[in-house]
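Observations on the three-dimensional arrangement
Each chain is listed here by its residues.
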Amino acid sequence: MRVTLHLYKEVEYLVLANNQPPATLTDPKTALESRKVEDSRVTMTEFVLPNDTNTLGNMMGGRLMHLMDICAAMTAQRHTRRVCVTASVDNVVFRSPIRLGEIVILESYVNRVFNTSLEIEVRVQAENPMTGERRQANTAYFTFVAVDEQYHKTAAPPIEVETKEHQRRYEAALHRRDLRLIFAGRKRLDDASHLRDYLLSTIEQ
Ligand SMILES: CC(C)(COP(=O)(O)OP(=O)(O)OC[C@H]1O[C@@H](n2cnc3c(N)ncnc32)[C@H](O)[C@@H]1OP(=O)(O)O)[C@@H](O)C(=O)NCCC(=O)NCCS
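Given the structure is predicted, the values throughout are model-derived calculations rather than measurements. (Residues numbered from 1 in each chain as written. Predicted model: local features only at pLDDT ≥ 70, side-chain atom pairs only at ≥ 80, totals over all residues.)

With antiparallel pairing, five strands are arranged side by side in an open sheet as β4-β6-β7-β8-β5. Either end of the sheet is taken by a strand with one partner, and the two such strands are β4 (42-47) and β5 (83-94). Here the strands of the sheet are splayed against their neighbours by 25° on average, with no regard to which way each runs. Examined bridge by bridge, β4 and strand β6 (residues 103-113) share six bridges and lie antiparallel to one another. When the sheet's bridge partners are listed, Thr 45 is paired in β6 with Ile 105. Contacts between helix α2 (residues 164-183) and the sheet are confined to β5, β6, β7 (117-127) and β8 (134-147), with β6 contributing the most and set at about 85° to the helix. (Pairing = 2+ DSSP bridges. Helix = DSSP H or I, 4+ residues; strand = E, 2+ residues; numbered from the N terminus. Axes fitted to C-alpha atoms, helices over the stretch in contact; angles between N-to-C directions. Contact = placed C-beta atoms within 7 Å.)

As structure tokens, this is what we get:
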């Protein structure tokens, strides 16, 4: 059972019977305010335990992807202030095995916001706790879609890019979006003008 509560003049918020607001409660006044890349950056640190590993003593790929999904979801939700669902994951690259007893450092940030979707990059480092040495172990690009209180897809707030690196990632995200939508059968190559122009420019160089 749930009851409605009028918190703002123009808005009706749903409140559960136990008086806990639903996890999807978003202030409509600030819902579409732009936010900076740094506002939603997430760093997660985990210890690799026996249950996380395969018979070779390396961290299981699926376990790592689970952590990456959580890290990216926190960034998506920090940025949008909404529940976000994973729409796709691409370019998952396992560069270096992560060993039992090592420390895993995951970092996620928004590269670009489109309409309802946003691309989030996740980078994973492995740290040997005995030496403190770190190495790049894994990267992936996640696409999340923001949903509203009725779980319908909804616009995500714009991202503010502040550095040259943010700008580089912002531009590259558009080409990746074209590629993933083509591979998902959601876009025709003929309609991917950004990607086509980019590919032609690299051939002409
Ligand atoms: C992802 C989902 C919301 C897309 O819904 P849909 O009705 O197909 O929506 P649309 O075609 O209008 O696409 C909505 C957005 O998702 C993007 N999208 C859809 N499929 C995508 C894919 N395979 N890869 C990347 N982006 C995708 C679209 O480009 C669009 O982005 P935009 O609004 O920024 O332009 C829907 O398929 C869904 O709910 N999937 C299940 C999600 C889930 O359960 N995830 C795991 C648990 S969280």
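Okay, unusual backbone geometry next. Backbone geometry at Arg 81 places phi at a positive 55°, although glycine is not the residue there. Within the fold, Arg 81 resides in the loop between α1 (61-80) and β5. Judged by C-beta crowding, with 20 C-beta atoms within 10 Å, Arg 81 ranks as buried. Its identity as a non-glycine residue notwithstanding, Tyr 151 has a phi of 65°, on the positive side. On the neighbour-count criterion, Tyr 151 (10 C-beta atoms within 10 Å) is exposed. (Buried ≥ 20, exposed ≤ 12 C-beta atoms within 10 Å, placed from the backbone.)

Once that is clear, we can look at the site of the ligand. Surveying the vicinity of the ligand reveals 15 residues, the closest of which are Ser 88, Phe 114, Asn 115, Thr 116 and Ser 117. Secondary-structure elements contributing two or more residues to the shell around the ligand are β5, β8 and α2. The biggest single contributor to the shell around the ligand is β5, with four residues. Of the residues in the shell around the ligand, the class split is six nonpolar, six polar and three charged. (Near = placed C-beta within 6 Å. Nonpolar A, V, L, I, M, F, W, Y, C, P; charged D, E, K, R; others polar.)

Let us now look at the confidence of the model for the protein chain. Per-residue confidence for the protein chain averages 88 on the pLDDT scale, and 87% of its residues sit at or above 70. Note on residues 1-17: pLDDT is under 50 here. Beyond four places in sequence and across chains, it has 20 contacts. (pLDDT = per-residue confidence, 0-100.)

Given a rise of 1.5 Å per residue, 20 residues ought to cover 28 Å, and the 29 Å separating the end C-alpha atoms of α2 matches this to within 8%. Along α2, the residues that are buried comprise Arg 169, Ala 173, Arg 177 and Asp 178. Gly 185 occupies a position one or two residues after α2 and carries a positive phi of about 75°. (Expected span 1.5 Å × (residues − 1).)

With that settled, the discussion passes to the environment of Ala 184. Within the element layout of this structure, Ala 184 appears in the loop between α2 and α3 (193-204). Taking the number of C-beta atoms within 10 Å as the measure of exposure, Ala 184 has 12 and is therefore exposed. For the pair Ala 184 and Ser 88, spaced 96 residues apart in sequence, the C-alpha separation works out to 9.3 Å.

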